[in-house]
Amino acid sequence: MNQHQRPEPVPFIDIAAQRGRLGKSVDEAVGRVLAHCQFINGPEVAQLEADLAAFSGAKHVVTCASGTDALLMVLMAKGVGRGDAVLCPSFTFCATGEAVALTGATPVFVDVDEATFNMDVNSLKRGIATAKKLGLTPRAVIPVDLFGQSADHDAIGAIAESEGIFVLDDAAQAFGASYNGRRLGTFGLVTATSFFPAKPLGCFGDGGAIFTDDADLAETLRSVRVHGQGSDKYDNIRLGLTGRLDTMQAAVLIEKLKIFEDEIAMRNTVAERYAQGLGNVVTVPRLASGCTSVWAQYTIRLPEGSDRDGFAKGIPTAIYYPKSMHQQTAYRDFPVADGGLPASENLSDDVISLPMHAYLDEPTQARIIKAVRGAFST
Ligand SMILES: Cc1ncc(COP(=O)(O)O)c(C=O)c1O
């Protein structure tokens, strides 16, 4: 054996390992689409929507072109626009607030809980008050189920109900997770998710879906998805988008959904190994009571004064998110909840995400854990 052989590089996520497991099933599914040539609205799209409804428990599923379109289409369908406020966490991917701003409405940024990374309900209350003080009409709240863990939907739902605003759950990172025993897709008025390839359930391109029990909203969303078309294809009754999921991606997702449940269990095993191996050197993520995670990211917090840039050499890491939304150039003029967003700012300063995917084997993970621990040995 060559003593000097370098160890295999560790992938941050390993889409190829999943491809290997899926074998010919995806190739054959794509082959069927190539044979029938219904690249737009082919039979696989309706099939996938039925499969996603069965998986999530939502009555209606409207697939679409991306997670960003999923958020935007809901806001468009609900007529959210100028003069309206939509409450969003600041510590999230930019698409959450971007979709709001694209409608002409004002995203009002609220803080998150440092332990779960998810929306802080006290900051939400303050954000609603801030919006009103600014003369805006609060219309909706977008909780984000960040890094794969469900937000506190009971608490957020109760505030939304008392304020008469609707809940659009941004489950782009968390499809498959549950809250108090129920899968995401069934909380609030409506849920959006993303099938970007790196997501726990990802396709081989861009894709997204919207989940709701509201039949009228689902019908409006189906119109928004195709330029706001009415019953006559060339009579457009509202503004819309080219928001469809293409048939090829639907075919891929049908196959991937078959192994998703098992992959969620595998991701949880990986997360448990990290918690055991790292819990006494860094702050590992905490699951709130009643919440499960699909571990889109495994995000740790480094002790104060750590060298985040030179951290765990040889191990791929990523920082989600080095700037919260209210700290970014495009969003810094939008309002934040009274009291500021100290937790979001602290997290942006000290989080780092480790490799995470269902196929991360024990020896490779042991190398990662050793490298992380090594960063703190004196
Ligand atoms: C929280 C969140 N919302 C929305 C999106 C947007 O999804 P997409 O990239 O499919 O447009 C993402 C994607 O990264 C996300 O992480």
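Enquirer: Teacher, can you tell me more about the packing of helix α2 (residues 24-36) against helix α9 (residues 247-278) here?
Expert: Describing two packed helices takes the angle between their axes plus the distance from one axis to the other. Contact pair α2 / α9: the axes reach a minimum separation of 9 Å and the direction vectors enclose 150 degrees. In terms of orientation, α2 and α9 fall into the roughly antiparallel class. The chirality of how α2 crosses α9 is right-handed. Every residue of α9 that contacts α2 at Ser25, Val26, Ala29, Val30, Arg32, Val33, Leu34 and His36 is listed here: Thr247, Met248, Ala251, Val252 and Glu255. The residue makeup of the contact of α2 with α9, split by class, is 8 nonpolar, 3 polar and 2 charged.

Enquirer: What exactly am I supposed to notice about the pairing of strand β5 (residues 166-170) here?
Expert: Working note: regular strand, side chains alternate between the two faces of the sheet. For β5, the buried fraction is high: 5 of the 5 residues fall into the buried class. Sheet analysis places strand β4 (residues 137-141) next to β5, joined by 2 bridges and oriented parallel. For Ala140, the partnering residue across the bridge sits in β5 and is Phe166. Bridge count between β5 and strand β8 (residues 190-194): 3 bridges; the pairing is parallel. When the bridges of β8 are listed, Leu168 appears paired with Val190.

Enquirer: Hey, could you run me through the site of the ligand in this one?
Expert: Around the ligand, the surrounding shell holds 15 residues, and the nearest of these are Gly67, Thr68, Asp170, Ser194 and Lys199. Asp170 places a side-chain nitrogen or oxygen 2.8 Å from a nitrogen atom of the ligand. The separation between an oxygen atom of the ligand and a polar side-chain atom of Ser194 is 2.7 Å. When isolated, the ligand has an accessible area of 390 Å², and the protein chains bury 92% of it. A majority-of-atoms criterion places the ligand in the largest pocket. At the level of elements, α4 (67-77) and α5 (95-102) are the ones that each hand at least two residues to the shell around the ligand. When residues in the shell around the ligand are grouped by element, the largest group, 3 residues, is from α4. Of the residues that constitute the shell around the ligand, the class distribution is 5 nonpolar, 8 polar and 2 charged.

Enquirer: For this particular structure, what's the right way to read the layout of surface pockets?
Expert: One simple way to see leftover space: roll a probe sized like a water molecule over the atoms. The computed volume of the largest pocket comes to approximately 480 Å³. In this structure, the largest pocket is lined by 25 residues; those nearest its centre are Phe93, Gln173, Ser194, Phe196 and Lys199. Of all the secondary-structure elements, those providing two or more residues to the lining of the largest pocket are α4 and α5. It is α4 that contributes the most residues to the lining of the largest pocket, 3 residues altogether.

Enquirer: Would you explain helix α7 (residues 153-163) in this entry?
Expert: Helical periodicity: at 3.6 residues per turn, an α-helix aligns residues three or four positions apart in one direction. Among all positions in α7, only His153, Ile156, Ile159 and Ala160 are buried. Along α7, the residues classed as buried sweep out an arc of 135 degrees about the axis, all on the same side. In α7, the exposed residues that point more than 90 degrees away from the buried face are Glu161 and Ser162. The inward-facing, buried residues of α7 abut α6 (121-133), β4, β5 and β6 (178-179). Directly after α7, the chain includes Gly164, whose backbone phi takes a positive value near 70 degrees.

Criteria and cut-off values
- Residues numbered from 1 in each chain as written.
- Predicted model: local features only at pLDDT ≥ 70, side-chain atom pairs only at ≥ 80, totals over all residues.
- Heavy atoms only, no water.
- Axes fitted to C-alpha atoms, helices over the stretch in contact; angles between N-to-C directions.
- Helix = DSSP H or I, 4+ residues; strand = E, 2+ residues; numbered from the N terminus.
- Parallel < 35°, antiparallel > 145°, perpendicular 65-115°, else oblique.
- Left-handed = near helix turned anticlockwise from the far one by under 90°.
- Contact = heavy atoms within 4.5 Å.
- Nonpolar A, V, L, I, M, F, W, Y, C, P; charged D, E, K, R; others polar.
- Buried < 20%, exposed > 50% of the residue type's maximum accessible area, 1.4 Å probe, protein only.
- Pairing = 2+ DSSP bridges.
- Near = heavy atom within 4 Å.
- Polar contact = N/O pair within 3.5 Å; in protein donor to acceptor, adjacent residues only side chain to side chain.
- Areas by Shrake-Rupley, 256 points an atom, 1.4 Å probe, with all protein chains shown as cover.
- 1 Å grid on protein atoms, 1.4 Å probe; cavity = no way out; pocket = protein on both sides within 12 Å on 5 of 7 lines; lining within 4 Å.
- Sits in = over half its atoms within 2 Å of the grid points.
- Points joined across faces, edges and corners; volume = space filled by probe spheres on them.
- Arc of directions from axis to C-beta.

Any functional reading would require information beyond the geometric quantities listed.
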